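Descriptive structure summary
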Amino acid sequence: QVQLVESGGGLVQAGGSLTLSCAASGLTFSNYCMGWFRQAPGQEREFVAAISWSGGTKYYADSVKGRFTISRDSAKNTMWLQMNSLKPEDTAVYYCAAAWRRSSYYELISDSTYDYWGQGTQVTVSS
């Protein structure tokens, strides 16, 4: 069965950095676009970043643009989210997700597009 497993979350001070990983199994990773979403307490899940199956196209939410970098390695079936200059408002549970060969921006920013989800990893940024 398909599994997406996030890791790398934790507690960090504002201005610090974290790198999240998402290890995929049970699917042909190179056929899937991958995305990161996050959900803070009492808030809806929101789009953070997405990357095409080739890795050639990347999308970011305005709130993280210039601070976060999404990347993937199909040989390792792994995706990463490098998060720099973290802010307290970045505190949330971060989820990785996989979508079969979607390509448009409007598809990839919508959580309903995604076929598979990880269990999430907590990121807490202290002020």
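So, a few notes on the structure that sits alongside this text.

Conventions we followed
Residues numbered from 1 in each chain as written. Predicted model: local features only at pLDDT ≥ 70, side-chain atom pairs only at ≥ 80, totals over all residues. Heavy atoms only, no water. Pairing = 2+ DSSP bridges. Helix = DSSP H or I, 4+ residues; strand = E, 2+ residues; numbered from the N terminus. Axes fitted to C-alpha atoms, helices over the stretch in contact; angles between N-to-C directions. Buried < 20%, exposed > 50% of the residue type's maximum accessible area, 1.4 Å probe, protein only. Polar contact = N/O pair within 3.5 Å; in protein donor to acceptor, adjacent residues only side chain to side chain. Contact = heavy atoms within 4.5 Å. Phe/Tyr/Trp six-rings, centres within 6.5 Å; stacked < 30°, edge-to-face > 60°. Lys NZ or Arg CZ within 6 Å of the ring centre and 35° of its normal.

**With respect to the sheet that holds strand 1 (residues 3–7)**
- Taken in spatial order, the four strands make up an open sheet running 1-3-8-7, and their pairing is antiparallel. On the outer flanks of this sheet lie strand 1 and strand 7 (68–73), each paired with one strand and no other. Sheet twist, expressed as the mean angle between neighbouring strand axes with direction ignored, is 15°.
- Pairing geometry for strand 1 and strand 3 (residues 18–25), over five bridges, is antiparallel. Bridge pairing links leucine 4 to alanine 24 in strand 3.

**Re the side chain of arginine 67**
- Within the secondary structure, arginine 67 sits in the loop between strand 6 (58–60) and strand 7.
- A relative accessible area of 11% means that arginine 67 is categorised as buried.
- Within the structure, the side chain of arginine 67 is placed 2.9 Å from the backbone oxygen of serine 85, a separation counted as a polar contact.
- A polar contact is formed between the side chain of arginine 67 and the side chain of aspartate 90, at a distance of 2.7 Å.

**Quick look at the side chain of arginine 38**
- Residue position: arginine 38 is located in strand 4 (residues 32–39).
- The exposure class of arginine 38 is buried, given its relative accessible area of 5%.
- Here glutamate 46 takes part through its side chain, which lies 2.6 Å from a polar atom of the side chain of arginine 38.
- At 2.9 Å, the side chain of arginine 38 and the side chain of aspartate 90 are in polar contact.
- Ignoring anything within four residues of it in the chain, the contact list for arginine 38 reads Glu44, Arg45, Glu46, Val48, Ser63, Val64, Phe68, Glu89, Asp90, Ala92, Val93 and Tyr94.

**Overview of the environment of glycine 9**
- As for its position among the elements, glycine 9 is in the loop between strand 1 and strand 2 (10–13).
- A relative accessible area of 33% means that glycine 9 is categorised as partly exposed.
- Residues glycine 9 and arginine 72 lie 63 residues apart in sequence; the distance between their C-alpha atoms is 18 Å.
- Once residues within four sequence positions are removed from consideration, glycine 9 is found in contact with Leu20, Thr121, Gln122 and Val123.

**A word on the environment of tyrosine 105**
- Examined against the element boundaries, tyrosine 105 turns out to sit in helix 1 (residues 105–108).
- Taking the C-alpha atoms as reference, tyrosine 105 lies 9.7 Å from tyrosine 60; in sequence the two are 45 residues apart.

**Quick word on the packing of aromatic side chains**
- Enumeration according to the criterion identifies eight aromatic pairs in this entry.
- Considering the side-chain rings of tyrosine 105 and tyrosine 106, the 5.1 Å spacing of their centres and the 80° angle between planes classify their relative orientation as edge-to-face.
- Taking the relative accessible area as the measure of exposure, tyrosine 105 reaches 33% and is therefore partly exposed.
- What links up through ring pairs into an aromatic cluster is the set Phe37, Phe47, Tyr114 and Trp117.
- Over the ring of phenylalanine 29 we find arginine 72, and its NZ or CZ is 4.3 Å from the ring centre.

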